[in-house]
Amino acid sequence: MNNMNFVHRILKSSSASSSPTVQKLVQSELQHAKLIYFGEFHGESRIISFQTQLVKELTKCYASVAAASANNNSGSERTDGDAQTLHLIMEHFSQDMQPILDRYQHTSQPEPKEQQDEEENKAFEELVTSYNEQYGTEGHNLHPYRELLQFCRQSTANESGSGSQGCKVKLHGGFIPRNQAARLNKEEFATKQEFFQEMSSKGYLPKEGEPMHHALFEKTGVESQMLRGSREHQLLIQSLMSGVDIYSPVENDEEDIDGANENEKESRISRLYQAQLLKDHAMGYKIASLMIEHAIAGKADKYMVITGLGHLKHYTGVPDCVHGYLRQEALLNSNVQHRNVALDLLLSLTRPPIKSSVQRPSLSGIGSALIGCQMMYEIYLEETYPPMIEAAAKAEDNEMEDDVKRKLLNDLYLRNPGLLDQYILNAEVVRGPLLQYSDGLAGFQRPCADFLFVYDEDDENEIDEAVLQEAELSGNNTQKCPFSQDKANENDDAKAETIEAYERVGQTAGLRGNAARAKAIMTYLGYTDSDLEYVAADIFNFQGVANPHTVANIQRGECVLDIGSGLGIDSFLAARNCGADVCNADVCNKDDVSEAPFVVGVDIAQSEVNHAMARAIDRGLVVPDRIRFIRGDVEKLNDALAKANLATDNLFDVCVSNGAFCLVPDKQKAFENVFKALRPGGRMAISTTTVSDPKQLDPSFEWPVCVKMFANLDELQAMCEGIGFKNVQILDAESPLEGMELPADDEVVDSSDSSDKRFKIHGKYSDQYEFLQNMDMDELCKVVTVYGEKP
């Protein structure tokens, strides 16, 4: 398969965002990585298509950067771009198969064009024959990998090693042979020590006396010859075997599954885990040894590992073994050069990919990245995506026809990929491993993958190339308001558009904005100099329509809920006002958060939640004990609080919100949920934009959805009183929508690439709503703060 003409998304864990193409992924994220791990499901054609495109783009990128570097440096020392070889280490080949791989890749100058295809096919079939008949141990079907393997062979066609793409790809066998690994738990050896000594003598594992040998066994298991692993990795492997959920939040570790207890080291699960570890150690030793060898030889090479996801997930297994071997080499090797090279590599691999200007081969590429895979069918769109739910309900026996399902999926992918991303990120099979990986039983330190390739596994569902190109072109049209589409008057569509738009805001929140403009707005809205000083570097991420704090009057020791917390500014101010930013013995050493100052920010966009949480940590706030940010919908507030292990009733003293209620479709439900979450005596201060007179919304105009969703000013008081709030007041927030003097938007962006610009919700969207410029928006709309108390 030459083109990725099927539904797929590439999601980034750190920002809960997507990369539109393989080329973009390589150029923006992966080109500088020293080591890339790729966790696959074996033989899946669409994963292999992605792998092949990835290897091609990497080699093309390496060659391009190297050529530019050569021109600039005129033959001087190597730099980050001078990678001459990409080493591809594959599980599919055992280490003793290296001779047939070398023979396969050993080619002369390219034959005339008419003979090339015949020669390539002949060489591949010879490889397959040798693989199956000469060795016959690994059992993988190589035919789906034909294009990838042939590309690697072609890259070595020139004697210079530069190949047609300017970068050679060298194939390596990665695992210990299966027939050797199977002997681990057999009784042919008097002791396990004899087995490991034989494996070391064959070169699959480090030998006793070598520095790396110290990373092979557990410290407490040297005599029993227990391979070194980790609790997290063992729980992962056990969960893959048993199906036990290790991602749902738990209060303690008492729910450990079979085999995790130290007293059960020889259980059946433990023996299977040791067999898994044997493969991981063999590959980890191979990778670490290759990297050190090449760096000492002055080679500025880079590396990619392809193996089953279970050997890599959460950076356990093979990555952990690589780190362990490099660490021991850096600590114990008697050769200073070896120690320094190993230390360089170890420090490099513990960080994300970045460009390096250091003139050392071991640092020709900085960082590692992990790519994982997920089948689309496990997202269960038919249970969450309204058009699919409706189609299933109309179908006989509630089973959609395959053609109907394909059409709906393809339409969603082509017309609203951002919405598809949100359905994927909200799916349990993705949300836990990718975003909430530290909450569950295993308490993983890192996500299941840095980049998750989610693909439609239905091989019959292909999208015509012309349709793909048309969708791509239509996506480059003049920017339109993110809250405007054909079905925008329907609540589900409006909410989906809200999520998509604010996800884009969160994804660019790390880019610096106009601080002077933000300061002017906040000052106008009534934020004090003390507030602005406390907000400090976060000021350009202010989001809001008023200042709910002046009405909320938050007191020390109170628990605060911030609805629509966005990028965190109002939550940070709430933490300061209630004392949650100060940790002392009187207020912070309490297990029950309801008895101490505490702030919970709830937002519908995961990328904004991620940004706010990261900034809270950077600001030195006590996360999550005194402040936390969670993804949630105010219309389903109970679910969001419950997922965060928080009480859903009577928890908060104060609820604030700054603008989020503007875009809530069901205002009644939202205020009801606020009432439920407040303690008796609690109060709310909800700042929102309203429509003064809905009759002014001339139906002959296409109004922005945000305006059509504003609450009716005259209905708010009766609504809140009907819910049960007392002393309800609708306070004019004195927040005009126009006429305010603001500093010029001095945001400077060097790149024309839109991915390098801050995304803004409120802007001028082509000519779509030009008529609004001729209207008095202060007469049409009014910003208010809704105050109410729970009896």
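Owing to the predicted nature of the structure, the values given are computational and were not obtained by experimental measurement. (Residues numbered from 1 in each chain as written. Predicted model: local features only at pLDDT ≥ 70, side-chain atom pairs only at ≥ 80, totals over all residues. Heavy atoms only, no water.)

Novice: Help me out: how do you make sense of the state of the cysteines in this one?
Specialist: The term disulfide refers to a covalent linkage connecting the sulfur atoms of a pair of cysteines. For the structure on display, the rule yields zero disulfides. Just so you know, Cys559 is unpaired, no disulfide at all, and the nearest cysteine sulfur is the one on Cys578, 7.3 Å from it. (Disulfide = S-S within 2.5 Å.)

Novice: Which parts of the structure should I look at to understand the packing of helix H9 (residues 268-296) against helix H10 (residues 318-332)?
Specialist: For any two helices packed against each other, the geometry is given by the interaxial angle and the distance between the axes. Between H9 and H10, the least distance of the axes is 8 Å, while the angle of their chain directions is 50°. When the interaxial angle is binned, H9 and H10 end up oblique. Judged by the sense of rotation from one axis to the other, the crossing of H9 with H10 is right-handed. For the pair H9 and H10, contact is made by Asp280, His281, Met283, Gly284, Tyr285, Ile287, Ala288 and Ile292 and by Val318, Cys321, Val322, Tyr325, Leu326 and Glu329, respectively. Broken down by class, the residue content of the contact of H9 with H10 amounts to ten nonpolar, two polar and two charged. (Axes fitted to C-alpha atoms, helices over the stretch in contact; angles between N-to-C directions. Helix = DSSP H or I, 4+ residues; strand = E, 2+ residues; numbered from the N terminus. Parallel < 35°, antiparallel > 145°, perpendicular 65-115°, else oblique. Left-handed = near helix turned anticlockwise from the far one by under 90°. Contact = heavy atoms within 4.5 Å. Nonpolar A, V, L, I, M, F, W, Y, C, P; charged D, E, K, R; others polar.)

Novice: Whenever I open this one, the side chain of Asp531 confuses me. Can you help?
Specialist: Mapping Asp531 onto the fold places it in helix H19 (residues 529-535). Classification of Asp531 by relative accessible area gives buried; the value is 10%. Contacts of Asp531, omitting those with residues within four sequence positions, involve Leu573 and Arg576. (Buried < 20%, exposed > 50% of the residue type's maximum accessible area, 1.4 Å probe, protein only.)

Novice: What should I look at first to understand the sheet that holds strand S2 (residues 17-18) in this one?
Specialist: Strand order across the open sheet formed by eight strands is S2-S1-S8-S7-S3-S6-S4-S5, with mixed pairing between neighbours. In this open sheet, the two edge strands, each paired with only one partner strand, are S2 and strand S5 (168-175). The pairing of strand S4 (residues 85-94) with S5 spans seven bridges and is parallel. Each residue of the ladder has a partner; that of Ile89, found in S5, is His172. (Pairing = 2+ DSSP bridges.)

Novice: I would appreciate a short explanation of the packing of aromatic side chains in the present structure.
Specialist: Within a pair of aromatic rings, the relevant descriptors are the distance that separates the centres and the angle that separates the planes. A full pass over the atoms with the stated rule returns 14 aromatic pairs. Between Tyr385 and Tyr423, the aromatic rings sit 5.4 Å apart at their centres with planes inclined by 75°, giving edge-to-face as the arrangement. Here Tyr423 lies in helix H14 (residues 417-426) and Tyr385 lies in the loop between strand S7 (368-375) and helix H12 (386-394), a separation of 38 residues in the sequence. One exposure class covers both Tyr385 and Tyr423, and it is buried. Centre to centre, the rings of Tyr527 and Phe542 are 5.5 Å apart; their planes meet at 75°, and the pair counts as edge-to-face. With a gap of 15 residues between them, Tyr527 in the loop between helix H18 (515-524) and H19 and Phe542 in the loop between H19 and helix H20 (549-552) connect regions that are remote in the sequence. With respect to burial, Tyr527 and Phe542 carry one shared label: buried. (Phe/Tyr/Trp six-rings, centres within 6.5 Å; stacked < 30°, edge-to-face > 60°.)

Novice: I tried to follow the confidence of the model for the protein chain on my own but got confused; where do I start?
Specialist: Close reading of the predicted structure is inappropriate where its pLDDT is low. On average, the protein chain scores 82 in pLDDT, and the residues at 70 or more come to 79%. Of the regions scoring below 50 in pLDDT, residues 252-256 engages in eight contacts with residues more than four places distant in sequence or in other chains. Contacts for the low-pLDDT stretch residues 746-755, under 50 throughout, to residues beyond four places or in other chains number 13 contacts. (pLDDT = per-residue confidence, 0-100.)

Novice: It is not clear to me how helix H22 (residues 606-618) should be interpreted in this structure. Could you clarify?
Specialist: For an α-helix the count is 3.6 residues per turn, leaving residues at separations of three or four pointing the same way. Here H22 is 13 residues long and its end C-alpha atoms lie 18 Å apart, about the 18 Å a rise of 1.5 Å per residue gives. Looking only at H22, the buried set comprises Gln606, Ser607, Glu608, Val609, His611, Ala612, Met613 and Ala616. A positive backbone phi angle near 85° is found at Gly620, which sits one or two residues after H22. (Expected span 1.5 Å × (residues − 1).)

Novice: Hey, could you run me through the pattern of salt bridges in this one?
Specialist: Note on pairing: side chains with opposite charge can pair once their charged atoms come close. Summed over all chains, the structure comprises 26 salt bridges. As a salt-bridge pair, Lys60 and Glu57 come within 3.7 Å of each other at their nearest N and O atoms. Of this pair, Lys60 and Glu57 both sit in helix H2 (residues 45-73), three residues apart, which is roughly one turn of the helix. The closest approach of N and O atoms between Asp653 and Arg679, which form a salt bridge, is 3.0 Å. In this pair, Asp653 is assigned in strand S12 (residues 652-658) and Arg679 in strand S13 (residues 678-691), connecting sequence segments 26 residues apart. A residue is classified by how much of its surface remains accessible, and Arg679, at 18% relative accessible area, is buried. One connected set of salt bridges, linked through shared partners, spans Asp403, Arg406, Asp458 and Glu460. (Salt bridge = Lys/Arg side-chain N within 4 Å of Asp/Glu carboxyl O.)

Novice: Any chance you could explain the nonpolar core here in plain terms?
Specialist: Generally speaking, soluble globular proteins have nonpolar side chains that are buried together. With 79 residues, the main nonpolar core has Tyr37, Leu278 and Ile287 as its most contacted residues. Residue contributions to this core peak at twelve residues, all from H9. When neighbours within four sequence positions are excluded, Ile287 is seen to be in contact with Leu35, Ile89, Val305, Val318 and Val322. One finds Leu25, Ala33, Met90 and Cys373 within the second-largest nonpolar core, a separate group that totals 49 residues. (Core = buried A, V, L, I, M, F, W, Y, C linked by side-chain atoms within 4.5 Å.)

Novice: Hey, could you run me through the side chain of Gln180 in this one?
Specialist: Tracing the sequence through the fold places Gln180 in helix H6 (residues 178-181). With a relative accessible area of 14%, Gln180 lands in the buried category.

Novice: How should the environment of Pro680 be read in this particular structure?
Specialist: Among the secondary structure elements, Pro680 is positioned in strand S13. Since its relative accessible area comes to 58%, Pro680 is described here as exposed. Excluding anything up to four places from it in sequence, Pro680 contacts Asn650, Lys790 and Pro791.

Novice: Quick question: what am I supposed to make of the environment of Tyr273 here?
Specialist: Along the chain, Tyr273 turns up in helix H9. Judged by its relative accessible area of 3%, Tyr273 is buried. It is 9.0 Å that separates the C-alpha atoms of Tyr273 and His233, two residues lying 40 residues apart in sequence.

Novice: Whenever I open this one, helix H13 (residues 402-415) confuses me. Can you help?
Specialist: For H13, spanning 14 residues, the distance from its first C-alpha to its last is 20 Å, which sits close to the expected 20 Å at 1.5 Å a residue. Of all the positions in H13, only Arg406, Leu408, Leu409, Asn410, Leu412, Tyr413 and Leu414 are classed as buried.

Novice: When you look at the pairing of strand S3 (residues 35-40) in this model, what are you seeing that I'm missing?
Specialist: The side chains of a regular strand alternate, residue by residue, between the two faces of the sheet. In terms of burial, S3 is a largely internal element, six of the six residues being buried. Burial along S3 is two-sided: the residues Leu35, Tyr37 and Gly39 and Ile36, Phe38 and Glu40 are all buried. With six bridges joining them, S3 and strand S6 (residues 302-308) adopt parallel strand pairing. Along S6, the bridge assignment pairs Glu40 with Gly308.

Novice: Sorry, what's going on with the packing of H10 against helix H11 (residues 336-349) here?
Specialist: Put simply, H10 and H11 touch, their axes get as near as 7 Å, and they point 145° apart. In the crossing of H10 with H11, the sense of the turn from one axis to the other is left-handed. In this structure, H10 contributes Val322, His323, Leu326, Arg327, Glu329, Ala330 and Leu331 to the contact, and H11 contributes His338, Arg339, Ala342, Leu343, Leu345, Leu346 and Leu349. Tallied by class, the residues present in the contact of H10 with H11 amount to nine nonpolar, two polar and three charged.

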